[in-house]
Amino acid sequence: MFNSLSDRLTATFKNLRTKGRLSESDVNKTVRDIRLALLDADVALPVVKEFTSAVRERALGAEVSGALNPAQQVVKIVNDELVSILGGETRKLRLAKNPPTVIMLAGLQGSGKTTLAGKLGKFLKDQGQTPLLVAADLQRPNAVTQLEVVGQRAGVPVFAPERGNIAGHDAVTGAIEGTRSFGDPVAVAEAGIQEACNKLYSVVIVDTAGRLAVDENLMQQAADIRAAIQPDEVLFVIDAMIGQAAVDTAEAFLHGVDFTGVVLSKLDGDARGGAALSVASVTGRPIMFASTGEGVKDFEVFHPDRMASRILD
Ligand code: GDP
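Residues numbered from 1 in each chain as written. Predicted model: local features only at pLDDT ≥ 70, side-chain atom pairs only at ≥ 80, totals over all residues. Heavy atoms only, no water.

- Going by an unreviewed UniProt entry, the chain carries the name Signal recognition particle protein and comes from Phycicoccus elongatus Lp2.
- For the chain, the Subunit (unreviewed entry) comment in UniProt is given as "Part of the signal recognition particle protein translocation system, which is composed of SRP and FtsY."
- The chain has a UniProt comment under Sequence similarities (unreviewed entry) that states "Belongs to the GTP-binding SRP family. SRP54 subfamily." (UniProt positions renumbered as here; feature names shortened; annotations may be inferred.)

## Brief notes about the layout of surface pockets
- Computed from the structure, the largest pocket encloses a volume of approximately 430 Å³.
- Around the largest pocket, the lining comprises 22 residues; the ones closest to its centre are Gly 112, Thr 114, Thr 115, Gln 146 and Glu 294.
- Those elements giving two or more residues to the lining of the largest pocket turn out to be α5 (113–126) and α6 (143–154).
- A breakdown of the residues in the lining of the largest pocket according to their chemical character gives three nonpolar, 12 polar and seven charged. (1 Å grid on protein atoms, 1.4 Å probe; cavity = no way out; pocket = protein on both sides within 12 Å on 5 of 7 lines; lining within 4 Å. Points joined across faces, edges and corners; volume = space filled by probe spheres on them. Helix = DSSP H or I, 4+ residues; strand = E, 2+ residues; numbered from the N terminus. Nonpolar A, V, L, I, M, F, W, Y, C, P; charged D, E, K, R; others polar.)

## Overview of the site of the ligand
- Inspection of the region around the ligand gives 17 residues, with Gly 110, Thr 114, Thr 115, Asp 268 and Glu 294 positioned closest.
- At a separation of 2.7 Å, an oxygen atom of the ligand approaches a polar backbone atom of Gly 110.
- Within the side chain of Gln 146, an N or O atom sits 2.9 Å from an oxygen atom of the ligand.
- In isolation the ligand offers 580 Å² of accessible surface; the protein chains occlude 80% of this area.
- Counted by class, the shell around the ligand contains one nonpolar, 10 polar and six charged residues. (Near = heavy atom within 4 Å. Polar contact = N/O pair within 3.5 Å; in protein donor to acceptor, adjacent residues only side chain to side chain. Areas by Shrake-Rupley, 256 points an atom, 1.4 Å probe, with all protein chains shown as cover.)

## Some points on the pattern of salt bridges
- Applying the stated criterion to the full structure yields 14 salt bridges.
- Close ionic contact of Asp 126 with Lys 122 constitutes a salt bridge, the shortest N to O distance being 2.7 Å. Within this pair, Asp 126 and its partner Lys 122 are both found in helix α5, separated by four residues, close to a single helical turn.
- Among the ionic contacts, a cluster of salt bridges with common partners joins Arg 58, Lys 76, Asp 80 and Glu 81. (Salt bridge = Lys/Arg side-chain N within 4 Å of Asp/Glu carboxyl O.)

## Topic: the side chain of Asp 42
- Within the secondary structure, Asp 42 is located in the loop between α2 (24–40) and α3 (45–61).
- Polar contacts involving the side chain of Asp 42 include one to the side chain of Gln 244, which spans 3.3 Å.
- Look past the residues within four positions of Asp 42 in its chain and what remains in contact with it is Gly 243, Gln 244, Arg 272, Gly 274, Ala 275 and Ser 278. (Contact = heavy atoms within 4.5 Å.)

If you want it as structure tokens, here you go:
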């Protein structure tokens with residue numbers, strides 16, 4: 001991820017290395033190159049505009065003297081602006097004063113929510129928490145079973161509706177469409193939290209249903225779950241490979257469930273990555289974690305400054 005963006009930016013900075021000082025036209029050319037590199041990497045246009053105008057303004061106003069040569073100065077400015085669009089400071093998970101902390105996962109089907117539930121569960125367990133995963137994705141065939149497998153791999157218990165109790169449950173497809181009994185995802189999420197309270201789990205991670213594209217029913221269901229369980233964090237999981245659709249999807253989920261943080265998944269892929277770079281800036285919500293593979297351990301806390309350095313390396 002980001003290889004091509006990284007190469008393009010590095011080539012742009014290389015051109016500046018021989019310059020003793022930067023003329024306005026040097027700055028303009030550099031900013032133009034940066035703009036093209038970002039657009040080619042799929043960074044959303046409003047983010048590109050904001051980014052390049054900040055770089056231009058700072059590069060023109062940069063002190064000529066000082067310890068850094070012009071190329072280094074521009075690298076520093078671009079680095080600072082990258083950190084800024086990626087959300088600035090690392091944002092830690094908010095833990096509830098009175099446990100259990102409730103974390104809800106939202107995102108499109110296939111974005112990596114269920115996989116993330118296991119990773120996050122393991123991450124929290126390693127920090128001394130006692131997490132419980134709750135299977136409130138009752139839409140997708142086999143989602144409950146998948147979460148149980150994920151939980152087993154992560155060594156984290158899973159609360160799931162009993163199969164016999166799920167109204168309308170189809171044993172073959174697992175699909176439960178539009179039922180409102182124990183097959184109701186809101187009821188399952190609430191029951192999961194009650195279970196955590198009864199058994200003194202310190203964190204509850206609620207997996208919710210996704211669809212392949214944003215749809216009203218899905219969003220209403222997620223909003224209903226949010227309203228019922230009052231989570232401390234709502235993490236929006238987004239596949240970094242999604243490309244230009246990232247911004248619209250993120251905005252739809254922000255509107256629908258008012259998420260508090262972003263998880264970038266599939267950062268191990270070879271997509272251009274710029275769309276993922278746009279999400280924090282467009283939604284004003286921090287990227288908190290990154291998923292970097294299918295395994296339970298392929299997971300990291302997201303640090304905007306480290307990601308910026310990685311891109312500019
Ligand atoms: P959900 O529908 O949002 O719950 O998504 P899943 O957790 O089922 O993930 C969909 C697919 O993406 C599965 O095949 C996962 O193994 C895979 N996956 C999830 N996260 C990652 C990741 O960070 N990297 C890669 N390469 N694959 C991932």
